[in-house]
Amino acid sequence: MFFDIYQERQKMAAPLIKYTYEDYKHFEGKWELIEGFPVAMAPSPVINHQYLTGMFFSEINKNLQECDECLVVVEEDYIINEETILKPDVAMICNENNKFITKAPEIVVEIISSSTARIDENIKFNIYEKEGVKYYILAYLNHLFAKVYKNENGFKKIGDFETEEITLDLKCKVNINFDTIFKKLRRKNESS
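In this text the structure is predicted, and so the values were computed from the model without any measurement.

Caption draft 1: Broad picture of the side chain of Asn-151. When you line up the elements, Asn-151 lands in strand 9 (residues 145–151). Within the local environment of Asn-151, its side chain forms a polar contact with the backbone oxygen of Val-133, the two atoms lying 3.1 Å apart. Within polar-contact distance, the side chain of Asn-151 engages the backbone nitrogen of Gly-154 at 2.9 Å. Other than its neighbours up to four places away in sequence, Asn-151 contacts Tyr-128, Glu-129, Gly-132, Val-133 and Lys-134.

Printed below as a string of structure tokens:
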């Protein structure tokens, strides 16, 4: 009996529409597409989010001045397939010859706020892991620390970083000083 009622209700329910990259190109505003379903990005990031994005860009980019095969990009489309397009806050890409990111980045940084935590810590975490992103950095805006994961047949947590330095062993070696990244915001919070 329950199964019959369930089947009848399923017939009445509106079918879920799955979108593709072709549809995504026509969306207005900032969106990501996860397995065909549009996900609205939060409104323009707050100043501190933009600041951290810039600091991660700068900190990673300074390591690449002699590396011709890698670039650091901000909020660029990462086209995983026709139904999944993400927009990492910061990504280090190597040997990419397309207009958008089409290969797994070496590094992805997502700046975490309360409105993005669930997606960044779970959904994107699993997608980046599966796609072979080598390092995933979750930077916590409200707590001024970062979790760093390395993909070794799945993401393994390297640690939590506030003031430490880490060297990421990649094609182009990358050294990240978390004290440099968080110092100004930490001082700002202490003086408030």
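Once the structure has been displayed, the description carries forward.
Caption draft 2: Highlighting helix 4 (residues 117–131). A rise of 1.5 Å per residue sets the reference length of helix 4, with its 15 residues, at 21 Å; its end C-alpha atoms lie 20 Å apart and thus fit the reference within 8%. Within the span of helix 4, buried status applies to Ala-117, Ile-119, Asp-120, Lys-124, Phe-125, Ile-127 and Tyr-128. Two residues or fewer after helix 4 comes Gly-132, characterised by a positive phi angle close to 95°.

Caption draft 3: Examining the nonpolar core more closely. Formed by 32 residues in total, the largest nonpolar core has its most connected members in Phe-56, Ile-107 and Phe-178. For Phe-178, the contacting residues outside a window of four places in its chain are Phe-56, Ile-137, Ala-146, Val-148, Phe-161, Glu-162, Thr-163, Glu-164 and Ile-166. Formed by 21 residues, the second largest nonpolar core is a distinct cluster that contains Tyr-78, Leu-86, Ile-93 and Ile-101.

Caption draft 4: Representation of unusual backbone geometry within the structure. Phi angles above zero are rare outside glycine, and Glu-35 is one such case at about 50°. By secondary structure assignment, the location of Glu-35 is in the loop between strand 1 (31–34) and strand 2 (37–40). The backbone phi angle of Glu-75 is positive, close to 45°, even though this residue is not glycine. Along the polypeptide, Glu-75 turns up in the loop between strand 3 (70–74) and strand 4 (78–81).

Caption draft 5: Highlighting the sheet that holds strand 8 (residues 135–140). The 6 strands lie next to each other as 3-6-7-8-9-10, forming an open sheet whose pairing is mixed. Each of the sheet's edge strands pairs with one partner strand only, and the pair in question is strand 3 and strand 10 (155–161). Strand-to-strand twist of the sheet, defined as the mean angle between neighbouring strand axes without regard to direction, takes the value 15°. Relative to strand 10, strand 9 is paired through 6 bridges, and the arrangement is antiparallel. Counterpart to Lys-150 in the pairing with strand 10 is Lys-156. Along the sheet, helix 4 contacts strand 7 (107–112), strand 8, strand 9 and strand 10; its crossing angle with strand 7, the most-contacted strand, is approximately 170°.

Caption draft 6: Summary view of helix 5 (residues 178–191). Helix length check: helix 5 (14 residues) gives 20 Å between terminal C-alpha atoms against 20 Å at 1.5 Å per residue, within 8%. Along its length, helix 5 shows its largest kink, about 35°, at Lys-184. If you check which residues of helix 5 are buried, you get Phe-178, Ile-181, Phe-182, Leu-185 and Arg-186. A distance of 2.9 Å separates the backbone nitrogen of Asp-179 from a side-chain oxygen at the start of helix 5, and that oxygen is part of Asn-177.

Caption draft 7: How the structure looks around the pattern of salt bridges. Counting across every chain of the model gives 13 salt bridges. One salt bridge in this structure joins Lys-157 and Asp-160, with 2.8 Å as the shortest N-O distance. Assessed through its relative accessible area of 43%, Lys-157 is described here as partly exposed. A network of salt bridges, in which partner residues are shared, links Glu-32, Glu-110, Asp-120 and Lys-124.

Caption draft 8: Geometry of the state of the cysteines. Under the criterion given, the structure shown has 2 disulfides. Across the disulfide, Cys-67 is cross-linked to Cys-172 (sulfur-sulfur distance 1.7 Å). One disulfide, between Cys-67 and Cys-172, carries an S-S torsion of 50° and so falls in the right-handed class. Taken together, the positions of Cys-67 in the loop between helix 3 (47–61) and strand 3 and Cys-172 in the loop between strand 11 (165–168) and strand 12 (174–177) put the pair 105 residues apart, joining distant regions of the chain.

About the criteria used
- Residues numbered from 1 in each chain as written.
- Predicted model: local features only at pLDDT ≥ 70, side-chain atom pairs only at ≥ 80, totals over all residues.
- Heavy atoms only, no water.
- Helix = DSSP H or I, 4+ residues; strand = E, 2+ residues; numbered from the N terminus.
- Polar contact = N/O pair within 3.5 Å; in protein donor to acceptor, adjacent residues only side chain to side chain.
- Contact = heavy atoms within 4.5 Å.
- Expected span 1.5 Å × (residues − 1).
- Buried < 20%, exposed > 50% of the residue type's maximum accessible area, 1.4 Å probe, protein only.
- Core = buried A, V, L, I, M, F, W, Y, C linked by side-chain atoms within 4.5 Å.
- Pairing = 2+ DSSP bridges.
- Axes fitted to C-alpha atoms, helices over the stretch in contact; angles between N-to-C directions.
- Bend = angle between axes of the 7 residues up to and from the residue.
- Salt bridge = Lys/Arg side-chain N within 4 Å of Asp/Glu carboxyl O.
- Disulfide = S-S within 2.5 Å.

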